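# Observations on the three-dimensional arrangement
What follows is each chain in one-letter form.
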Amino acid sequence: MENKIYSKGIFVFFAAMLCCALWGSATPFIKIGYELMLPEKDVASTILFAGIRFFLAGLLTVLIYSMAARKFLYPQKENIGKIAIISVFQTIIQYIFFYIGLANTTGVKGTVISGSNSFFSILIASLVFRQEKLSVRKVIACVLGFAGIVAVNLKGLDLNMNLTGDGFVLFSTIAYAVSSVLMKKYSKDENPVIISGYQFILGGLVMIILGLALGGSVKVESIKAIGVLVYLALLSAVAYSLWGMLLKHNPVSKITIYTFMIPVFGVLLSWIMLSEQSGVSLVNLVIALVLIALGIGVLNYVPKKQ
């Protein structure tokens, strides 16, 4: 009975918005973390930084939820391979390609391309895994949501594309979409919280090894730096575990449509927390919010039966 709450409309809305707000808050905290902990902002160091964050996120996930369940949580033997597959797409491929791609493109274009993940999630769920049917309403909802992403990033957007920049960010976005669909599929046989925690541990460990092998370095020398790192790990642990539960109990399209809110939260929180100017006007933010809200409404609207 208690699992039914994860499919109730009002809970889905607030839980999904909480996840998006947490992921959106990662943007300013990552930038603060770079200033505090990365003497050299090279790709190797950013991969190492991300690896430490996700490895810690996995440990926190397992620790917190084990304490809540009053027993140590661990995956069933037959599901270890599934967790490894999700880790490859969700953590390793997504973030390695994202960091390399972002280093070779603008933040605006990176945000817009990343915002297309709902499209890919719905297409993969519908056409590849046959988890749900592709409908005109879903396409319209995605178009509205994506238009909101473009609106909030309109200033500085250009159409010039390059493989190692825009192409890599697009590839990372597709990897994330695949991981969402796989989470939906594999959570039938395993607790999404367990999947979340152990895929973070595995993916984070791989990224730490890769970052060190490439010569990356991270210095944690202050209480503030420790606080930032713990917060980034904690937000990943909470958001992805909750997101996994939502995906388990709802269609992929119903949940992933909310990801259009992540860059909006990112812009708002960066504007509040960072001294830099985002260049996003209040009008653009309002337009973006309206378009995204329409997209969410179109997808989740269910007409009353006569």
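I will try to describe carefully the structure that is included in this document. (Residues numbered from 1 in each chain as written. Predicted model: local features only at pLDDT ≥ 70, side-chain atom pairs only at ≥ 80, totals over all residues. Heavy atoms only, no water.)

## With respect to the packing of aromatic side chains
One pass over the full model with this rule turns up twelve aromatic pairs. Three or more aromatic residues joined by ring pairs make a cluster, and in this case those are Phe54, Tyr95, Phe200 and Tyr240. (Phe/Tyr/Trp six-rings, centres within 6.5 Å; stacked < 30°, edge-to-face > 60°.)

## Overview of the packing of helix H1 (residues 9–37) against helix H9 (residues 223–249)
Axis separation between H1 and H9 bottoms out at 9 Å; the angle between their running directions is 155°. Put simply, H1 runs roughly antiparallel to H9. The interaxial crossing formed by H1 with H9 has left-handed handedness. Residues belonging to the contact of H1 with H9 are distributed by class as follows: 27 nonpolar, two polar and one charged. (Axes fitted to C-alpha atoms, helices over the stretch in contact; angles between N-to-C directions. Helix = DSSP H or I, 4+ residues; strand = E, 2+ residues; numbered from the N terminus. Parallel < 35°, antiparallel > 145°, perpendicular 65-115°, else oblique. Left-handed = near helix turned anticlockwise from the far one by under 90°. Nonpolar A, V, L, I, M, F, W, Y, C, P; charged D, E, K, R; others polar.)

## Digging into the nonpolar core
Trp23, Leu232, Trp243, Leu246, Ile257, Tyr258 and Met261 are the most contacted members of the largest nonpolar core, which has 75 residues in total. With 14 residues, H1 is the single largest residue contributor to this core. In contact with tryptophan 23, other than residues within four places in its own chain, are Tyr176, Leu235, Ala239, Tyr240, Trp243 and Ile262. (Core = buried A, V, L, I, M, F, W, Y, C linked by side-chain atoms within 4.5 Å. Buried < 20%, exposed > 50% of the residue type's maximum accessible area, 1.4 Å probe, protein only. Contact = heavy atoms within 4.5 Å.)

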